[in-house]
Structures are given as structure tokens and as C-alpha cells.
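# Summary of the model geometry
Given next are the chains, with one letter for each unit.
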Amino acid sequence: MKKFKATRKPNMISRGKRMIKKIIQPSRLSRKDKGKLVYYEAVKEPILENYVFYEAFAGLGILDHPRAIFKALLDDPTFEDFTHVWSIDDLELADFNVEEFSSLENVIIVLRGSDDYYRYLATCKYLIANTTFGYFFEKRKGQVYVNTWHGVPTKVMGYEHSVERVENARGPARHFLSADYLLSANRFMTNVMYRRAYKMDGLFEGKLLEIGSPRCDTLVYPDREAVLEKLEQLGIETDKKIILYAPTWKGNLYDQLSYDVDEFKALVQKFTASINRKEYRIYLRVHYFLYRILAQDPELREILIPFTVDTNELLSVVDVLISDYSSIFFDYLLMDKPIIFYVPDLDQYESGRGLYVPTDVLPGLVTSNKREACAALTKITISESPAAYMKPYASKQETMKSWCTYNEDGHACMRFIHIVFGDALDPGSDVNLREDLSEIHLEQYTRPEKSFYGFDGFNTGKERLLLCFNTRTNSQEHYDELTDYLEEIDYSETDVTLLVTSFKDEFNKEFFNHLPPEVRILVWYALPFVTQENQTFFRREVRRTLGNVHFDQIEFIGEITKYWASFANALL
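What comes next concerns the included structure. (Residues numbered from 1 in each chain as written. Predicted model: local features only at pLDDT ≥ 70, side-chain atom pairs only at ≥ 80, totals over all residues. Heavy atoms only, no water.)

This paragraph deals with the overall build of the protein chain. Regarding its fold elements, the protein chain presents 22 helices and 16 strands. Burial analysis of the protein chain (572 residues in total) assigns 57% to the buried set. Sequence separation of at least 24 residues holds for 75% of the intrachain contacts in the protein chain that already meet a minimum separation of 6. As displayed, the protein chain offers around 25400 Å² of accessible surface, 48% of which is attributable to carbon and sulfur atoms. (Helix = DSSP H or I, 4+ residues; strand = E, 2+ residues; numbered from the N terminus. Buried < 20%, exposed > 50% of the residue type's maximum accessible area, 1.4 Å probe, protein only. Contact = heavy atoms within 4.5 Å. Areas by Shrake-Rupley, 256 points an atom, 1.4 Å probe, with all protein chains shown as cover.)

Take a look at the structure:
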């Protein structure tokens, strides 16, 4: 490949200002940015071989897939010399969740955003997360990064999102490309989310583990008494059967909540009035942002299930589920119990954002009518029975289970450990498996460099093209040039990634949202501090921005600054 050169000579005045900024910057950085500087320096430290770093929902608690994997490792004597580090965002709010493991000597709890957080993230050999780390994150050589994600997709997401195409995809896409392993519950999730929504097809170079859901092991082999005891400790009454209302996130972006709290409260009251209250209770499981709002209401506070109770452990004691587009219902299928799909904004979703799962295949009543939902609750809890309610939907339920829960046999954690942590074992040794695993045929799940169980179709054979475009220096003429360039590409032969500098303005949002749908758009963010721009720096910038990816061709549209010329040369 050709070497790239800047189109303009470096500005010596700018270079001088940069050197001054480097000298005075520690005193002017915010607390968060100082932490990122701690991380940047800690990446130079030795990797801690038997350390595992976990983060779930950006530090919400010890939850979800990471929790299930963590508990499986704790239970296995083979890994007794491992140290487990959990990232927690609010130690007070997550107190009950953290207390469960706080007495263990090999478990370390770090406050998300603290210096210890950044150091462990930079030095632990194994990183397991179900969302994403910050833009500062770079997966080091020698680290093993697994992104488990946190749900099977039901709503349109990623680059297919109609409102904020780049905004919704940029973080997850970059992290997926940095990952050594992506976890997938089934082929539907593989194809719809990883291949399509986040455009891993043609670019992802890690391994995809289509081995089932670690968090679902607790639904196949539930410990009902332990979960009920945990709920009672939190003051949640468990003397009756549990109906759980678990609506999904409402809003276009992660930080834009769209709920009418008064309307929501009125709905819950109608649901409650519809059930047999001698035998059933209704509880709520809502998104954390909504939880904080509803917890202020004296009536709703009593029926809110804290987020510190793991969702799948909770589902193991739930008798009826009311949901909408939440992927929670995929896991709950394993319980063979009634599901009501209350979707008051169905028309908006179908005509706007869109759904991946057609409502006519859902295994339960699907309605946008409040009265119909209440009538279904009455049938289940009073006039009929759960079995009678489920009978008309039995065929749909079995069909859906056949294509989305076929890997859920209760042993996903063991498969995960065998694959991801196999290199931590002595050569030729086996993971200390439970006795009932003899029928799983673990020879399928041997060392990851030899084979893996899952989907191996990310290599499309197309030429990989990286286009670089600087939104900060280019003119309208260059935007037009980019549009013309993309219109001339044969996408059947070329896989196109467009790397752009970060932006917040409406012009760029609108422009990049309307580029050809085949184009994968990644966003580069400047570090909040100045460091020496040598060859090592640019190799790290490439890892931070593009993960493990390699390209066949690199092109620039518009001017090439000194930074981007050096970046491209480090990528060659």
C-alpha cells in the first residue's frame, strides 16, 4: 500500500500550543478525563493473567450474562486462583446486589470511573461486558475481550435504525470489531443483530459463539427457593403467584426516556383490578431510568422489583409475563407459562422504527387495547387457567422455541468457559465439568484457535475499503465528492467502511443518515488529553478506533491532515 502524506505542512504555532497544553493539561482535565489519562498510562503495565473484569449495563450491578459466567467460574475449583473484578456505577444503589459476593476474597468491586476501574480495565486479561466501554477503550494485545450483549433483538436497531443511524450504531459496532468473541443465543440473533443491524458481515475477525445464553442456565435449572428468599429479603411478598409487567425501553436513544408516568400508573391499576388478587400479585420490572422515577411514587414503589435482582433469576419464579417488544420474552419461553403482549404503540413501531419479530408469530395475545389485555389477565387468573390461555398459542410457542431456544439446555456457561478460558488450563486438561455434562459432547468446543461452535460466515470475500473523512476540515465540495464517490461503488464486490471524525451538529447527522445503507459508518473521537504522537501512539489509535480489523484499501476524501496521514500509515 501507498504511504500517505499530509497535504499541508504542520503549523509550528499549533505544535507549540500543543506542547504547552501537554504541560498544563493535568490541572485542567475534568475528573472523568483524568481517569481516561490513568487508563491510557495503565495500558503500558503488565497484563494480570488470572484476572477477569466484568461490567453489566454500564455498571448497574452484578447481572445478566456476565453474572452467570462469573458464578460458574466461582463454582468451578479449576479456577479457584482467579480474581474477579466487577465494575459498579453506584455502590449505594447496588448495595444488595454487591453484598452477595462482598465476603469473597477473590472478588474485587471497583467504582466505575475511579482510578482502580481504569487500571483494572487496562490490565485484566479477560474482559466480559454486556454493553460497551467508553470511546477511550482499546483492546490490548494479550487481553481477551468478550461482548455478550444483553438481548435478542426485537426492535430495529443499529445501522437499520431510522432516526439516528450513526448514533445508535457507532459504539456497539466499534466494540464488536474489537472483541475476540461475540456471544449469540441463536442464529436469528446472529443474522439479524450482528450481521445486519451492526454490519459485522464482511469485517468482523473474531469468533462468534452461538452456544446459547449463559443467563438462561438458571431458567433450565432454577433455584426457586433461593430466589424467593432473596425477594423476601428485599421486602417483596412471595406468598402469591407473581405476574410481572416488564415493558421495554421507550425512546429513540439510550438517554431519551419517553414515558407518561401518570398514564403508566393508571395502566398498572387497571391490570391489578383485573386479576384474582387472592392468588396473584402484580410486580413491575422497568428500565433503570424509569425505575428511578417510579420509585418516588408511594404506590408504585411497593411493587417495583429492584434492578439489583437479576432478571433471569426473577423470571424463574414468575407465573405470568406481560411485556411488549422486550427481548425478555425470548428467555421466558423456557418456562412454558403465559405471556401477554401489550403493545399500545404498535402502529408507531410498525410504521416508524420497525420490528424484527412480526407480531403475528408471537406466542400469546398481542393487543394494543387495554381492555383486551385486562380480559386476558382475568381469564388466566380467574375464569380459566394458565393452561387454557396457552392452548390457542401452543403451536406458535413451539415454533418460536424451535428457532430461538434450541441451544438452551442449561449448559451454556460450561461451553462458554471451555472455549474462552481453555487456554488458562494446563495443556491437555479438561474443565472441571459437572457430572451431568457427559452427554453434551464437548469435543465440539475445543480450543478456540482450532474450532468453535457457531457461525463462521462473516468473511464475505469482498474487498475491504476504508474511507476516511474529516468533518472538521472539509467543505461542502468535499461532502459532494464523498456522495459521488459512494454512488459509484459496486457494493456487491466491495465492503465499505466510512471513518468520520466525531460530530454533534444536525447537518452531519442528516448527511450521514442518508448515505447508502451498505456503508458502515464508524466514528473517531479525540482523546481528551495530549500525548506524544509517535508510531506507538498511532498504532494504539488504530486499535482504539478500528479494533482488530484489517483493510485491503484505504482512501481519503478531502484534505489529509498530518494526524490522519500518520493514522493511515499505522494501519497499513
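Past the structure itself, the notes keep going.
Moving on to helix H19 (residues 476–487). The first and last C-alpha atoms of H19 sit 17 Å apart over twelve residues, in line with the 16 Å expected at 1.5 Å per residue. His478, Tyr479, Leu482 and Leu486 are the residues of H19 that are buried. Taken end-on, H19 shows its buried residues confined to a sector of 105°, consistent with a single buried face. Every exposed residue of H19 that faces more than 90 degrees away from the buried side is listed here: Glu477 and Glu487. (Expected span 1.5 Å × (residues − 1). Arc of directions from axis to C-beta.)

Now for the packing of H19 against helix H20 (residues 506–513). Any two packed helices are characterised by how steeply their axes cross, that is the angle between the axes, and by the distance between the axes. In contact at an axis separation of 12 Å, H19 and H20 are set at 15° when each is read in the N-to-C sense. In this view, H19 runs roughly parallel relative to H20, as classed from their interaxial angle. Our pair here, H19 against H20, has a crossing hand that is right-handed. Between H19, through Gln476, Tyr479, Leu482 and Thr483, and H20, the contact on the second element is made entirely by Phe507, Asn508, Phe511 and Phe512. Looking at the contact of H19 with H20 residue by residue, the classes come out as five nonpolar, three polar and no charged. (Axes fitted to C-alpha atoms, helices over the stretch in contact; angles between N-to-C directions. Parallel < 35°, antiparallel > 145°, perpendicular 65-115°, else oblique. Left-handed = near helix turned anticlockwise from the far one by under 90°. Nonpolar A, V, L, I, M, F, W, Y, C, P; charged D, E, K, R; others polar.)

Attention now goes to the packing of helix H10 (residues 261–273) against helix H15 (residues 370–383). For the pair H10 and H15, the least separation of the axes is 8 Å and the interaxial angle reads 35°. For H10 against H15, the interelement crossing comes out right-handed. On H15, the residues that touch Leu267, Lys270 and Phe271 of H10 are Lys370, Ala373, Cys374 and Leu377. Within the contact of H10 with H15, the residues separate by chemical class into five nonpolar, no polar and two charged.

With parallel pairing, four strands are arranged side by side in an open sheet as S15-S14-S13-S16. Where the open sheet ends on each side, the last strands, each with one partner, are strand S15 (520–524) and strand S16 (553–557). Here the strands of the sheet are splayed against their neighbours by 25° on average, with no regard to which way each runs. In this structure, strand S13 (residues 463–469) lies alongside strand S14 (residues 494–501), joined through seven bridges in parallel fashion. If you follow Leu467 over to S14, its bridge partner there is Leu498. (Pairing = 2+ DSSP bridges.)

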